[in-house]
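What follows is each chain in one-letter form.
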Amino acid sequence: KNRKKMGKGKSHDPKDGKRKEKAKMRLKRNIGYVDGVSFIIGSIVGAGIFVSPTGVLKHSLLNVGVALTIWTASGLVSLMGSLCYAELGTALPFSGGEYSHIKRGLGSLPAFVFIWTSTFTKPASNAARALLFAEYATQPFYGICPAPEVLKKCLALAVLWSLGILNGCSVKMAAWVQTVFTLLKMMTLSVIAIGGIVLVGGRKESLARFEDAFSSEIPNASQIAEAFFQGLYAYGGWWSLNYMAEEMKNPSRNIPLTVMTAVPAVIVFYLLVNISYLTVLTPKEIVSSVAVAVTWADRVIPSVAWIIPLSVAVSIFGALNSSMFTLGRLSYAGSQSGHLPVLISMLNVHSCTPAPAMIFSTTIASIFIIPSDLITLTNYFGFSAWLMIGLTCASLIVLRYREPHLHRPYKVFLPVPFVMVAMSSFLVLAPIVWSPNLQYVYAFLFMLGSLIVYLPFIHFKLHFPFLDKITCHLQLLLEVSPADESTESKCE
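Below is a short write-up of the structure. Every value quoted in this text rests on a predicted model; they were computed, and no experiment measured them. (Residues numbered from 1 in each chain as written. Predicted model: local features only at pLDDT ≥ 70, side-chain atom pairs only at ≥ 80, totals over all residues. Heavy atoms only, no water.)

1. As for the overall build of the protein chain
Thought 1: Of regular secondary structure, the protein chain possesses 22 helices and two strands.
Thought 2: In the protein chain, 83% of the contacts between residues at least 6 apart in sequence involve partners at least 24 apart.
Thought 3: Within the structure as shown, the protein chain displays about 22800 Å² of accessible surface, and the carbon and sulfur contribution to it stands at 68%. (Helix = DSSP H or I, 4+ residues; strand = E, 2+ residues; numbered from the N terminus. Contact = heavy atoms within 4.5 Å. Areas by Shrake-Rupley, 256 points an atom, 1.4 Å probe, with all protein chains shown as cover.)

2. Here's the deal with unusual backbone geometry
Thought 1: We note that Leu62 has phi near 65 degrees; this positive angle belongs to a residue other than glycine.
Thought 2: Tracing the backbone shows Leu62 in the loop between helix H5 (54-59) and helix H6 (64-91).
Thought 3: Of note in this structure, Glu479 is not a glycine but carries a positive phi near 55 degrees.

3. Section: the nonpolar core
Thought 1: By size, the foremost hydrophobic cluster in this structure holds 137 residues, and its most contacted members are Phe50, Tyr270 and Trp386.
Thought 2: Ranked by residue count, the leading element in this core is H6, at 14 residues.
Thought 3: Setting aside residues no more than four positions away along its own chain, Trp386 makes contact with Val77, Leu232, Trp238, Met420, Ser424, Leu427 and Val428. (Core = buried A, V, L, I, M, F, W, Y, C linked by side-chain atoms within 4.5 Å. Buried < 20%, exposed > 50% of the residue type's maximum accessible area, 1.4 Å probe, protein only.)

4. Some remarks on the side chain of Ser315
Thought 1: Tracing the backbone through its elements, the reader meets Ser315 in helix H16 (residues 307-336).
Thought 2: For Ser315, the side chain forms a polar contact with the main-chain oxygen of Gly46, separated by 2.7 Å.
Thought 3: Excluding anything up to four places from it in sequence, Ser315 contacts Val45, Gly46, Ala47, Phe50 and Lys185. (Polar contact = N/O pair within 3.5 Å; in protein donor to acceptor, adjacent residues only side chain to side chain.)

5. Quick word on the environment of Gly318
Thought 1: In this fold, Gly318 is placed in helix H16.
Thought 2: For Gly318, a relative accessible area of 1% corresponds to the buried category.
Thought 3: Not counting the four nearest positions on each side in its chain, Gly318 is found in contact with Gly42, Gln178, Phe181 and Lys185.

6. Focus: the packing of aromatic side chains
Thought 1: Tallied over the full model, the rule gives 17 aromatic pairs.
Thought 2: Here the aromatic residues Phe112, Trp116, Phe120, Phe368, Phe446 and Tyr454 are joined through ring pairs into a cluster of three or more.
Thought 3: When the ring centre of Phe325 is taken as reference, the NZ or CZ atom of Arg329 above it lies at 3.8 Å. (Phe/Tyr/Trp six-rings, centres within 6.5 Å; stacked < 30°, edge-to-face > 60°. Lys NZ or Arg CZ within 6 Å of the ring centre and 35° of its normal.)

7. Things to note about helix H12 (residues 221-234)
Thought 1: With 14 residues, H12 should reach 20 Å at 1.5 Å per residue; the first-to-last C-alpha distance of 20 Å fits that figure.
Thought 2: In this structure, the buried side of H12 is in contact with helix H3 (33-44), H5, H6, helix H13 (251-280), helix H18 (382-402) and helix H19 (415-434). (Expected span 1.5 Å × (residues − 1).)

8. Points about the packing of helix H8 (residues 108-138) against helix H9 (residues 149-169)
Thought 1: Where H8 contacts H9, the two axes come as close as 8 Å, and the packing angle between them is 120 degrees. Between H8 and H9, the crossing angle belongs to the class labelled oblique. Like other packed secondary-structure pairs, H8 and H9 cross with a definite hand, here right-handed. Seen from H8, the contacting residues are Asn126, Ala130, Leu131, Phe133, Ala134, Glu135, Ala137 and Thr138; seen from H9, they are Leu151, Lys152, Lys153, Leu155, Ala156, Val159 and Leu160.
Thought 2: Of the residues belonging to the contact of H8 with H9, the class tally is ten nonpolar, two polar and three charged. (Axes fitted to C-alpha atoms, helices over the stretch in contact; angles between N-to-C directions. Parallel < 35°, antiparallel > 145°, perpendicular 65-115°, else oblique. Left-handed = near helix turned anticlockwise from the far one by under 90°. Nonpolar A, V, L, I, M, F, W, Y, C, P; charged D, E, K, R; others polar.)

9. What about the pattern of salt bridges?
Thought 1: Scanning the entire structure with this criterion turns up seven salt bridges.
Thought 2: Glu135 serves as the salt-bridge partner of Lys152, at 2.7 Å between the closest nitrogen and oxygen. Of this pair, Lys152 sits in helix H9 while Glu135 sits in helix H8, and the two are 17 residues apart along the sequence.
Thought 3: Note that Glu247 is salt-bridged to Arg329, the shortest N-O span being 2.8 Å. Highlighted residues: Glu247 in the loop between H12 and H13 and Arg329 in helix H16, separated in sequence by 82 residues. Each member of the pair, Glu247 as well as Arg329, is classed as buried.
Thought 4: Through salt bridges with shared partners, one network takes in Glu87, Arg400 and Arg408. (Salt bridge = Lys/Arg side-chain N within 4 Å of Asp/Glu carboxyl O.)

10. Some thoughts on a nonpolar patch on the surface
Thought 1: On the surface, a nonpolar cluster with roughly 870 Å² of combined accessible area is contributed by Leu109, Leu438, Val441, Tyr442, Leu445, Leu448, Leu451, Leu455 and Phe460.
Thought 2: Contributions of two or more residues to the nonpolar patch are made by helix H20 (438-448) and helix H21 (450-459).
Thought 3: It is H20 that contributes the most residues to the nonpolar patch, five residues altogether.
Thought 4: On the secondary structure map, Leu448 appears in helix H20. (Patch = residues over 30% accessible without salt bridge, like charges linked within 9 Å, V, L, I, M, F, W, Y side chains within 5 Å.)

Shown next, in the form of structure tokens:
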């Protein structure tokens, strides 16, 4: 009312409208090509390639040729999936990744099941990463003795909240941290890769290992499938860029370019690092090693072998930062669609970051750290990740036929999403068929439990007025405002 009174008698200035348009609350496009590459590589490369790349080799029956082939094939499947996501990200550049695409392609209910499951599994995954970081960061101070559990949990909580606050305060700072830590981990992988290439020329026994790569026993179909599972798990995280599509600079160009740079780079590094391990260690030594990179360092660079545990901690920290960034965007997108409380969709009036979404996701991850046994439950939700990938690729196919005139700056070859849907179906059903377990039933029941919440609160829009008062007070406390609301804040 006061603004209207003050505006009486004044002529309308077109520049005022432009200023108001610029002042609208929205996520800023701060993420460029280099940041995008850092986020994808940082999400994929965690502790696995340093600690235990043994699963592929073990299920390949120590056959070097088969193991390297599976590493390559797993990378190519990940690349196909990321190209499908690139089309969706350029056509629908919104926050939320798979959630936004499933909602557009398949409807509200499948999208709600996705966010319901992700609200449980993704924070638990972050909690596991934080605890693993604490394990590697504290162990050097205790030698052969185990570090106290209380210390590890306190450090894990401190790391979670430090990154949660960082991501809630500044996108640019979070992107800068991601770039720095990605460079550090890639430097370490380069040291391992180059070390192996240099040594392979001077070791006849190592060279013979690759010349007779397929001479060992060939695994059967089920063993190859198990090895394939392990390889795909190591590439997990290639889907992370779509969660920040709304914040990408020039998404039509940068999303496909970023994907085509980052994923092939990871494939090359993974192959070189595995070749380096096989150059220095025998297949039996790799399978029996608790931390392959540490064993490799003890053989090759014993005087500075401590750098590998430090590098593992650095790698986990970078992966955790990327995962927390994307999880905050998922919560933000879910709230914008009315699938989570409205407060979570609000942005900080000073930094235009989804601060409430970051607080929400970090709080849930913290709950998992306290009774860390809960994290083991999420192992049985592994199939759900590929279920959602399959639904996302199915959404791409549906949108191709239902919305043929949708502007698509990048289009993937149409058979690729069909292959990804078939692959996802296999990866969902295979572990349940091969090793049936009661926990899988619990996981399915949990996913179906989303209907108990969806029907009254989403479909029938049941609402409690007292929640509005709570939202109002929290909005004032956190200094947040709904997205797209015209305000005088300096967001742009």
